[in-house]
Amino acid sequence: MAVDKNDLNNLPRLLLPCVRCGQCRSVCPVFLAKGVESDSPRGRMTLVRALLEGKLKPSDLLNEKLQQCLLCRTCVMECPSGVHVDRVIIAAREKLAEKKGIPLKKKVITRWLLPNLNRLAAFMPAAALLEGIVAVRVSGGYYRPRLNLPLVGKRLLPSVGGKRPEFLTSSTGGSFSASSAGRRVVFFTGCMTNMAYPRVAGAVVEVLRRHGVEVVIPKELVCCGLPMLAAGDRESFLRVREENIKVFKKYPGLAIITACASCGSTLKEYYAGGIEGKVYDFTEFLLGEVDFQPPRGVVERKITYHDPCHLRKAQQIKEQPRRLLKSIPGVQYQEVKEPDRCCGFGGTFSLSFPDLSQEIGITKVQALMDTGADTVVTACPGCMLQLADGLYNRQSAAAVMHVAEVLAAAYRAEERQN
Ligand code: SF4
Ligand code: SF4
């Protein structure tokens, strides 16, 4: 997909196929939570059309209506006319940002925090100290804020003081090569994995290395840019995109692996034409690009799986994670009802609208709990945090893991058995 102003310039063309049938309403998690037409995909399309036709002026209310979209693409999958609702929303947000600017809270996140996240790694020990003061440690290694914190409110925080793999500890430039004899790949860890779930990054490297893959993790990579794009801040998005492309060019032709559904979909769609190497989700790579060796170690867990929207709907990857999990001896797999239901995280959506995000998450979390699983597995660190928060709030003891973590546990069990 082109990353210039095409979507903004082509907004009328993108809107054209919408015949206002309303089929999208029945699946939109925001509409299902709020029950208001203007919060449905069709309602948003009508608002954007009115904005373009000059029947509606930019306003805070209009901005809120457009911001209250998770960009989950559930409506896109449902739409018989093939309307790219997510692209319309992103372009409309950009149009509003041109007129009214980016809200300060979003600017702090997209222009300062995320582009500098890797450089902030050096401050992790101080952040861990602070986390221990303002929050209480709860099960699963998470922290519960004692009081409403800026940006996150009382949402569960991942531990920032845990052990970090060697390849994530340096905050300076250079690359870490988890060396092995076979194929070389670049691992795009992404902000959430890097900062909140380094244990997932460790598991990804471990599993890939067991398949003879040499993993290069360039320290200079920055945020994939999705939060900037979603905020309508294309300028910031293009800046980080350019920064990442420069780094990828140092590794011409190498496959790029992600273990974050949102990073993966952004790299696949919005970096097209800028990078030479093919982008793969970790599960897709493992089953499609190497000779996958199912683990022989036993993992006694009753597992259910949550499909990240950016994996199932944006990348059409739904079978691979399930096949990997079912390949593990000892795993009892239980499918969840309505597997394509969004968890309500939506990246910065969860920071801007924490109550709505949690409310949307309740339905998903309840469905996952109804499976009776002791472990909820997913393939996106954002979903992991949202589900951990939702499960904690409903007093569930279920663990939340990434597919890579369960696989790594099985390979370790295999080693112990031998
Ligand atoms: S976006 Fe698609 S499903 Fe929704 S009202 Fe328009 S045409 Fe119908
Ligand atoms: S992308 Fe998701 S939240 Fe946004 S309108 Fe479509 S279904 Fe609703």
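Residues numbered from 1 in each chain as written. Chains lettered and ligands numbered in written order. Predicted model: local features only at pLDDT ≥ 70, side-chain atom pairs only at ≥ 80, totals over all residues. Heavy atoms only, no water.

S.K.: Please explain the site of ligand 1 as it appears in this structure.
M.R.: Around ligand 1, a shell composed of Cys 18, Val 19, Arg 20, Cys 21, Gly 22, Gln 23, Cys 24, Arg 42, Cys 79, Pro 80, Ser 81 and Val 83 is seen. Residues belonging to the shell around ligand 1 are distributed by class as follows: seven nonpolar, three polar and two charged. (Near = heavy atom within 4 Å. Nonpolar A, V, L, I, M, F, W, Y, C, P; charged D, E, K, R; others polar.)

S.K.: Even after reading the chapter, I still don't get the site of ligand 2, so can you show me in this structure?
M.R.: Lining the immediate environment of ligand 2, one finds Cys 28, Pro 29, Val 30, Pro 41, Arg 44, Cys 69, Leu 70, Leu 71, Cys 72, Arg 73, Thr 74 and Cys 75. Mapped onto the shell around ligand 2, the elements with two or more residues apiece are helix H3 (29–34), helix H4 (41–52) and helix H6 (74–78). Of the residues contributing to the shell around ligand 2, the split by class is nine nonpolar, one polar and two charged. (Helix = DSSP H or I, 4+ residues; strand = E, 2+ residues; numbered from the N terminus.)

S.K.: It is not clear to me how the pattern of salt bridges should be interpreted in this structure. Could you clarify?
M.R.: Opposite charge on two side chains allows them to pair when their charged atoms are near. For the coordinates displayed, the defined rule picks out 24 salt bridges. Residue Arg 42 is joined to Glu 37 by a salt bridge in which the shortest nitrogen-to-oxygen separation is 2.9 Å. The salt bridge involving Arg 322 is made with Asp 307; its shortest N-O contact spans 2.6 Å. With Arg 322 in helix H18 (residues 319–326) and Asp 307 in the loop between strand S8 (301–305) and helix H17 (309–312), this residue pair connects regions lying 15 residues apart in the sequence. (Salt bridge = Lys/Arg side-chain N within 4 Å of Asp/Glu carboxyl O.)

S.K.: What exactly am I supposed to notice about the packing of aromatic side chains here?
M.R.: For the structure on display, the rule yields six aromatic pairs. For the pair Phe 237 and Tyr 271, a centre-to-centre distance of 6.3 Å together with 80 degrees between the ring planes defines the contact as edge-to-face. You can see Phe 237 sitting in helix H14 (residues 234–248) and its partner Tyr 271 sitting in the loop between helix H15 (261–270) and strand S7 (279–281), a full 34 residues away along the chain. (Phe/Tyr/Trp six-rings, centres within 6.5 Å; stacked < 30°, edge-to-face > 60°.)

S.K.: Looking at this structure, I do not really get the nonpolar core. What am I missing?
M.R.: In globular proteins that are soluble, nonpolar side chains generally tend to be buried together. Membership of the largest hydrophobic core comes to 123 residues, with the highest contact counts inside it found for Leu 208, Phe 248, Phe 282, Phe 285, Leu 286 and Leu 407. Setting aside anything within four residues of it in sequence, one finds Phe 248 in contact with Val 186, Phe 188, Leu 221, Ile 256, Leu 267, Tyr 271 and Ile 275. Of all hydrophobic cores here, the second largest spans 11 residues; its members include Phe 31, Leu 70, Cys 72 and Cys 309. (Core = buried A, V, L, I, M, F, W, Y, C linked by side-chain atoms within 4.5 Å. Buried < 20%, exposed > 50% of the residue type's maximum accessible area, 1.4 Å probe, protein only. Contact = heavy atoms within 4.5 Å.)

S.K.: Just checking my understanding: could you explain H15 for this structure?
M.R.: The element H15 is largely enclosed, with a buried count of nine among its 10 residues. Those residues of H15 lying buried are Ala 261, Ser 262, Cys 263, Gly 264, Ser 265, Thr 266, Leu 267, Glu 269 and Tyr 270.

S.K.: How should the environment of Leu 14 be read in this particular structure?
M.R.: Mapped onto the fold, Leu 14 is located in helix H2 (residues 11–15). On the basis of relative accessible area, Leu 14 is assigned to the buried category, the value being 6%.

S.K.: What is the right way to read the packing of H4 against helix H7 (residues 85–100) from this model?
M.R.: For any two helices packed against each other, one specifies the inter-axial angle together with the distance between the axes. Between H4 and H7, the shortest axis-to-axis distance is 11 Å and the interhelical angle comes to 40 degrees. Here H7 runs oblique to H4, going by the angle between their axes. When the axes of H4 and H7 are compared, the crossing they make is left-handed. Contacts from Pro 41, Arg 44, Met 45, Val 48, Leu 51 and Leu 52 of H4 reach H7 at Val 85, Val 88, Ile 89, Ala 92, Lys 95 and Leu 96. Taken together, the residues that form the contact of H4 with H7 break down as 10 nonpolar, no polar and two charged. (Axes fitted to C-alpha atoms, helices over the stretch in contact; angles between N-to-C directions. Parallel < 35°, antiparallel > 145°, perpendicular 65-115°, else oblique. Left-handed = near helix turned anticlockwise from the far one by under 90°.)

S.K.: Even after reading the chapter, I still don't get the environment of Gly 274, so can you show me in this structure?
M.R.: Position of Gly 274 among the secondary structure elements: in the loop between H15 and S7. Considered as a pair, Gly 274 and Arg 241 are 33 residues apart in the sequence and their alpha carbons are 8.8 Å apart. Setting aside residues no more than four positions away along its own chain, Gly 274 makes contact with Arg 241, Ile 245 and Lys 249.

S.K.: For this particular structure, what's the right way to read unusual backbone geometry?
M.R.: Peptide bonds are trans in most cases, and residues, glycine excluded, mostly fall at negative phi. At Gln 316, a residue that is not glycine, the phi angle is positive and equals roughly 55 degrees. Tracing the backbone shows Gln 316 in the loop between H17 and H18. Although it is not a glycine, Glu 338 sits at a positive phi angle of roughly 45 degrees. Looking at the element boundaries, Glu 338 is found in the loop between strand S9 (331–333) and helix H19 (349–352).

S.K.: Explain the packing of H18 against helix H22 (residues 403–417) here, please?
M.R.: One can describe the packing of H18 onto H22 by two numbers: an axis separation of 10 Å at closest approach and a directional angle of 20 degrees. Accordingly, the angle class assigned to the pair H18 and H22 is roughly parallel. Crossing angle aside, the handedness with which H18 passes H22 is left-handed. The segment H18 lies against H22, with Pro 321, Leu 324 and Leu 325 engaging Val 403, Val 406 and Leu 407. Its residues assigned to classes, the contact of H18 with H22 shows six nonpolar, no polar and no charged.

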